[in-house]
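A closer look at the structure
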Amino acid sequence: MAVATILARNTQALRGRLLFVFQPAEEIMQGARAMLEDGAFKDPRPDWVIGFHVDNTAPAGRVGVRAGTVWAAADQLRLTFKGRSAHGAMPHLSVDAITITAFALSAIQNIVAREVIPTQPAVVTFGTIHGGTAFNIVADKVELTGTVRTFDERLRSFILERIETTAKGVATALRGEAVVEHLNGCPAVYNDAGVTAVVRRAAVETVGPERVVEPDLTTTSDDMALFLQEVPGCYFTVGTHNPSKGATGAHHSPEFDIDEDALPVAAEIMVRTALAYLGKR
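Residues numbered from 1 in each chain as written. Predicted model: local features only at pLDDT ≥ 70, side-chain atom pairs only at ≥ 80, totals over all residues. Heavy atoms only, no water.

Another aspect to go through is the side chain of T206. Inspection of the secondary structure assignment puts T206 in helix α5 (residues 193–207). Beyond its immediate sequence surroundings of up to four residues, T206 is in contact with V265, E268, I269 and R272. (Helix = DSSP H or I, 4+ residues; strand = E, 2+ residues; numbered from the N terminus. Contact = heavy atoms within 4.5 Å.)

Written out as structure tokens, the structure reads:
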């Protein structure tokens, strides 16, 4: 809103048009896709797209700008293992979904450990597991949800395919069944080198060269990636960590808070980038 207000007051200094994208549902990787499907980039179709994300691991006001791949692709999965229930005293009458799940989890984690080239980062994490009804009843169903993070699109497809094959193979071997559902996903965040160079210059003009860094790759993700697939662009970060204001909590934690005095830094970088591209000379 600040960027829109500033540039709206200075339209005489601009040539061309600006499209402001107010994106919802970033945390569940659905907002960008829904906007694009609704035609957000169709008329007018932008030449560039830029955006930023706060970084509560970096000192307030420090800017991170990196060309190429910067954030990982993310995929959300649900695995359901099905068996047959029986009394725990008569396990031979059952097909134990918990046992199937245990073997499947071990085998799936082995995909990254033994099937992925060590120089290609990949993460497979299962964050929830639910199954069973009583301590003395063999469970007939267990449900897992998890995420896959990768930077390479071919590796992404390979791991997703291997998870499904492994889950179903283990379940079949143990007389059960597995259902693998791909609930959601987005590709890796990729910054165009040319646009990133302009954003980096704007960042240096805003905070000075000593406060502009090239951040490491991170396996966090963002559906800004879908905008960046449509048109060239840059997604940069601005640090918001400030112990003196209590802004030290990790992202997605109950203690998360930011130093909001860092937000004008992001706004100024966006204004300077817009002027560099659309400004009248």
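Moving on from the coordinates now.
Our next topic: the packing of aromatic side chains. For the structure shown, the criterion picks out four aromatic pairs. When the centroid spacing of 5.5 Å and the interplanar angle of 70° are considered together, the rings of W71 and Y235 count as edge-to-face. Of this pair, W71 sits in strand β3 (residues 68–71) while Y235 sits in strand β12 (residues 233–241), and the two are 164 residues apart along the sequence. Across the pair, Y235 and W71 agree in class, each one buried. (Phe/Tyr/Trp six-rings, centres within 6.5 Å; stacked < 30°, edge-to-face > 60°. Buried < 20%, exposed > 50% of the residue type's maximum accessible area, 1.4 Å probe, protein only.)

On a regular strand, one side chain projects to one face of the sheet and the next to the other, so that they alternate. Within β12, eight of the nine residues are buried, leaving the element largely enclosed by the surrounding structure. Of the pairings in the sheet, the one linking strand β1 (residues 49–59) to β12 comprises eight bridges and is parallel in character. Paired with P59 across the strands is H241, a residue of β12. Alignment of strand β2 (residues 63–64) against β12, held across two bridges, turns out to be antiparallel. When the bridges of β12 are listed, V63 appears paired with V238. (Pairing = 2+ DSSP bridges.)

Relative to strand β8 (residues 141–150), strand β4 (residues 73–82) is paired through ten bridges, and the arrangement is antiparallel. Its bridge partner being in β8, L79 is matched across the sheet by L144. Two elements, strand β6 (residues 122–131) and β8, share nine bridges in a ladder whose sense is antiparallel. Residue T125 lies in a different strand from β8, and its bridge partner there is T147.

Looking now at helix α4 (residues 153–173). With 21 residues, α4 extends 30 Å from end C-alpha to end C-alpha; this agrees with the ideal 30 Å at 1.5 Å per step. Listing the buried residues of α4 in full gives L155, R156, I159, I163, T166, A167, V170 and A171. The buried residues of α4 occupy an angular sector of 120° when the element is viewed end-on, so they sit on one face. Opposite the buried face of α4, by more than 90 degrees, sit the exposed residues R154, T172 and A173. Contacts from the buried residues of α4 go to β4, α3 (97–115), β6, β8 and β9 (177–186). (Expected span 1.5 Å × (residues − 1). Arc of directions from axis to C-beta.)

Looking now at the pattern of salt bridges. Summed over all chains, the structure comprises eleven salt bridges. Among the ionic pairs, R272 bridges to E205, the shortest N-O distance being 3.3 Å. Remark: E205 occurs in helix α5 and R272 occurs in helix α7 (residues 263–278); sequence separation between them is 67 residues. Linked by salt bridges that have partners in common, D75, E153 and R156 make up one network. (Salt bridge = Lys/Arg side-chain N within 4 Å of Asp/Glu carboxyl O.)

Let us look at a nonpolar patch on the surface. Judged by side-chain polarity, M1, L18, F20 and F22 come together as a nonpolar surface patch covering roughly 440 Å² of accessible area. Its location among the elements puts L18 in the loop between α1 (2–8) and α2 (31–37). Looking at L18, the relative accessible area reads 36%, which means it is partly exposed. (Patch = residues over 30% accessible without salt bridge, like charges linked within 9 Å, V, L, I, M, F, W, Y side chains within 5 Å. Areas by Shrake-Rupley, 256 points an atom, 1.4 Å probe, with all protein chains shown as cover.)

Attention now goes to the sheet that holds strand β11 (residues 212–213). The strands that make up a sheet are held in pairs by hydrogen bonds between backbone atoms, and each pair lies either parallel or antiparallel. Spatial strand order, β1-β12-β2-β11: four strands in an open sheet with mixed pairing. Bordering the open sheet on either side are β1 and β11, each of which pairs with just one other strand. Strand contacts of α5: β1, β2, β11 and β12, with the helix running at about 30° to β12, the strand carrying the most contacts. Of the strands in this sheet, β1, β2 and β12 touch α7, which is tilted by about 150° from β1. (Axes fitted to C-alpha atoms, helices over the stretch in contact; angles between N-to-C directions.)

Here we come to the sheet that holds β4. Pairing within the open sheet is antiparallel, and its four strands lie in the order β6-β8-β4-β9. Single-partner strands in this sheet number two, and they are β6 and β9. Averaged over all pairs of adjacent strands, the angle between strand axes in this sheet comes to 20°, irrespective of strand direction. Relative to β6, α3 is tilted by about 170°, and along the sheet it contacts β4, β6 and β8. The strands touched by α4 are β4, β6, β8 and β9; relative to β4, the strand with the most contacts, the crossing angle is about 5°.

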